[in-house]
Amino acid sequence: MLDELRALPKETEWVEFKEAKASFSFKELGQYFSALSNEANLKGKEFGWLVFGVEDKARKIIGTRYRPDRSGLDSLKAELAQKTTNHITFVEIHELHLPEGRVIMFQIPAAPRGIPITWEKHYYGRDGESLGALNLQEIEQIRGQATQSDWSAEICEEASIGDLDGPTVLAAKDAFKARSRDRTFSSEIDRWDVAAFLDKAKLSVNGKITNAAIILLGKPEATHFLSPSVARITWKLEGEERAYEHFDPPFYTNVNKVYQKIRNIRYKILPENTLLPIEINKYEQWVILEALNNCIAHQDYSLQSRIIVTERTGELIFTNAGRFFEGTVDDYTLGNRTPEKYRNFFLAQAMQNLGMIDTVGSGIKTMFIQQRKRYLPMPEYDVSDPQKVSLKIYGHILDENYTKLLIERADIDLKTTILLDKVQKRQAITKEAFAYLKKNGLVEGRYPNPYIALHIAAITGDQSSYIKYRAFDKKYYKDLVMLYLKEKGSASRQEIDELLENKLSDTLSKKQKLNKIHNLLYEMSKKDKAIKNTGPRKSPRWTTG
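Residues numbered from 1 in each chain as written. Predicted model: local features only at pLDDT ≥ 70, side-chain atom pairs only at ≥ 80, totals over all residues. Heavy atoms only, no water.

Colleague: How should I be thinking about helix H4 (residues 136–143) in this particular structure?
Modeller: Since there are 3.6 residues in each turn of an α-helix, residues three or four apart along the chain are aligned in direction. When H4 is considered as a whole, its buried residues turn out to be Glu-138, Ile-139, Ile-142 and Arg-143. For H4, the buried positions fall inside an angular range of 140 degrees around the axis, keeping them on one side. Every exposed residue of H4 that faces more than 90 degrees away from the buried side is listed here: Leu-136 and Gln-137. Buried residues along H4 sit in contact with helix H2 (26–42) and strand E6 (122–127). Two or three places before Gln-137, at the start of H4, stands the capping residue Asn-135, its side-chain oxygen 3.1 Å from that residue's backbone nitrogen. (Buried < 20%, exposed > 50% of the residue type's maximum accessible area, 1.4 Å probe, protein only. Helix = DSSP H or I, 4+ residues; strand = E, 2+ residues; numbered from the N terminus. Arc of directions from axis to C-beta. Contact = heavy atoms within 4.5 Å. Polar contact = N/O pair within 3.5 Å; in protein donor to acceptor, adjacent residues only side chain to side chain.)

Here's what the structure looks like:
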């Protein structure tokens, strides 16, 4: 095999030779694993190969001392698997002791059909002999290899109508009737038996119960028909109080039970220049149910994972298994994309027929709009892990200026709101976006650390929040220290930190704030002679000079 690989043309994307005379970066090894696995798939090869101890250009064997002990080589399999898609690793690591020197041949499996391989959540590929990111077209080419069968439409051969929850079936039939008022068969629905309703609502096929029917309408004990796939929603509370609860099918009614677990209090937003407060729920019920129903519709049930709803102080996080199935979040929030396909198309149709979701892609955008109407931070999608999608919904204010800006400026469009949301969350924006916001007087500061503009706080007569970002001059802080010491007599460094830390600009990190306080005290004691330390060096006690 080594001779065959050495005889291949110089630019062969699924084979790479490295001298690796004594060592080789583990990170680079992982990147090559991802790249060669993906390229082997694209080139129709069963394996990719990474070979140590051979010159790349001349293909001359020179030998390698990389991990000289066999146990060190064998441990690579487990080490690598920790950071790859589905914990995939080497098929075998071949060690050849040749007269010219020792050669190591890493036998790398081609990426499975439909699943491009990542290393540390990044896709790698090769362009000729160059290692780099796998381009989007190649990622989609591999993903497109997946079979087009729809798991949710598969028949549960041994299941019957008796395995469905009776009251839930009746409630679903009423919902289907309400959504079918304009359809030609609407007047006949009351005369249908359960089997006819299930077929019409896309929950069964020719009277046979599907996976979709078990998920939405099945009794909890009927989930064994789905095995080894898993259908379960877990709600968990994190923070000072901790709790959890599991919810099995029927999901059609149990999504409401999940919602009822979430503590959704009402609170008031009171801008300075208004007489009446704005009262809102911590979370919008529609947003929670939309997020939860989207998890059900898009869950990759073959990954045998639960849907997780995590409740923390001021935020909810919804997590479902499987990658973001089609397009990007921006396609739906900033555009008007309609998905061409669903992971669980049959299930999605049934959920649409029962009023649980829409199937035109507007749900994501509407969630953003609902948060905008309530003056709260925008939802956040995390799609960095190819095995799952997470959505964070905020139920509290992050930056008062952002909220007051949305109250004062109803004309700000969704795209601009999303940019301002990134500013308040200290997330990166492009230079072009910064220039746009600056030109329109919405942000101040310098790129890449802008903050909501001063005049926004001035509109409401409240400049206190602006103080968080715009620092005062040094004299202000010195005066505060002197006033504090005169009133208290003396103060520890910790007490002075507590006095000044929340008054320094929030563009500074905690470490930067503490360094600034240290420099201020040094200047006041050594240069100004205004204060002095009466305690030990490691535990100073400051008094006026």
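Having seen the structure, we can now continue with the description.
Colleague: Just to check I follow, could you spell out the pattern of salt bridges for this structure?
Modeller: Opposite charge on two side chains allows them to pair when their charged atoms are near. Summed over the entire model, instances satisfying the criterion amount to 34 salt bridges. We note a salt bridge from Glu-95 to Arg-102, for which the minimum N-O separation is 2.7 Å. Exposure remark for Glu-95: the relative accessible area of 23% places this residue in the partly exposed category. In this structure, the salt-bridge partner of Lys-404 is Glu-400, at a minimum N-O distance of 3.5 Å. (Salt bridge = Lys/Arg side-chain N within 4 Å of Asp/Glu carboxyl O.)

Colleague: What exactly am I supposed to notice about the side chain of Arg-59 here?
Modeller: Considering the arrangement of structural elements, one finds Arg-59 in the loop between strand E2 (47–52) and helix H3 (70–81). The charged side chain of Arg-59 is buried without a salt bridge, its nearest counter-charge being Asp-56 at 4.7 Å. A polar contact of 3.3 Å, which involves the side chain of Arg-59, links it to the backbone oxygen of Leu-5. Sequence-distant contacts of Arg-59, defined by excluding residues within four places in its chain, comprise Leu-5, Arg-6, Leu-8, Pro-9, Lys-10, Phe-17 and Val-54. (Lys, Arg positive; Asp, Glu negative; His and termini not counted.)

Colleague: Honestly, the nonpolar core in this entry has me stumped. Any pointers?
Modeller: Most often, soluble globular proteins have nonpolar side chains that are buried together. Formed by 90 residues in total, the largest nonpolar core has its most connected members in Phe-197, Leu-203, Ile-215, Leu-216 and Ile-296. With eight residues, helix H9 (residues 285–298) is the single largest residue contributor to this core. Setting aside anything within four residues of it in sequence, one finds Leu-203 in contact with Phe-197, Leu-198, Thr-210, Ala-212, Ala-213, Leu-216, Leu-217, Phe-346, Ala-350 and Leu-354. With 23 residues, the next largest nonpolar core counts Ala-35, Leu-76, Ile-93 and Phe-106 among its residues. (Core = buried A, V, L, I, M, F, W, Y, C linked by side-chain atoms within 4.5 Å.)

Colleague: Would you mind showing me how to read unusual backbone geometry here?
Modeller: Peptide bonds are mostly trans, and most non-glycine residues show a negative phi. Put simply, Ser-227 and Pro-228 share a cis peptide bond, and its omega is 10 degrees. Mapped onto the secondary structure, Pro-228 falls in the loop between helix H7 (211–217) and strand E10 (233–237). Omega for the peptide link from Pro-249 to Pro-250 comes to 10 degrees, which places this bond in the cis form. With respect to the secondary-structure elements, Pro-250 resides in the loop between strand E11 (243–247) and helix H8 (251–261). Even without being glycine, Tyr-375 reaches a positive phi, approximately 65 degrees. Tracing the chain through its elements places Tyr-375 in the loop between helix H12 (362–373) and strand E16 (380–382). The class of Tyr-375 is buried, set by a relative accessible area of 18%. The phi angle at Lys-529 is positive, at roughly 55 degrees, despite the residue not being glycine. You can see Lys-529 is positioned in the loop between helix H20 (510–527) and strand E21 (531–533).

Colleague: When you look at the sheet that holds strand E3 (residues 92–98) in this model, what are you seeing that I'm missing?
Modeller: Two strands in a sheet stick together by hydrogen bonds in their backbones, pointing the same way (parallel) or opposite ways (antiparallel). Sheet architecture is open: four strands sit in the order E1-E2-E4-E3, paired in mixed fashion. Pairing within the sheet leaves two strands with one partner each, and these edge strands are strand E1 (15–18) and E3. Sheet twist, expressed as the average angle between the axes of neighbouring strands with direction ignored, equals 15 degrees. Inspection of the sheet shows E1 paired to E2 by four bridges, in the parallel sense. In the sheet register, Phe-17 faces E2, and the bridge partner there is Val-51. Where H2 meets the sheet, it contacts E1, E2 and strand E4 (101–109), and its direction lies at approximately 145 degrees from that of E2. Sitting on the sheet, H3 touches E3 and E4, and the angle it makes with E3 is about 155 degrees. (Pairing = 2+ DSSP bridges. Axes fitted to C-alpha atoms, helices over the stretch in contact; angles between N-to-C directions.)

Keep in mind these values describe shape, not function.
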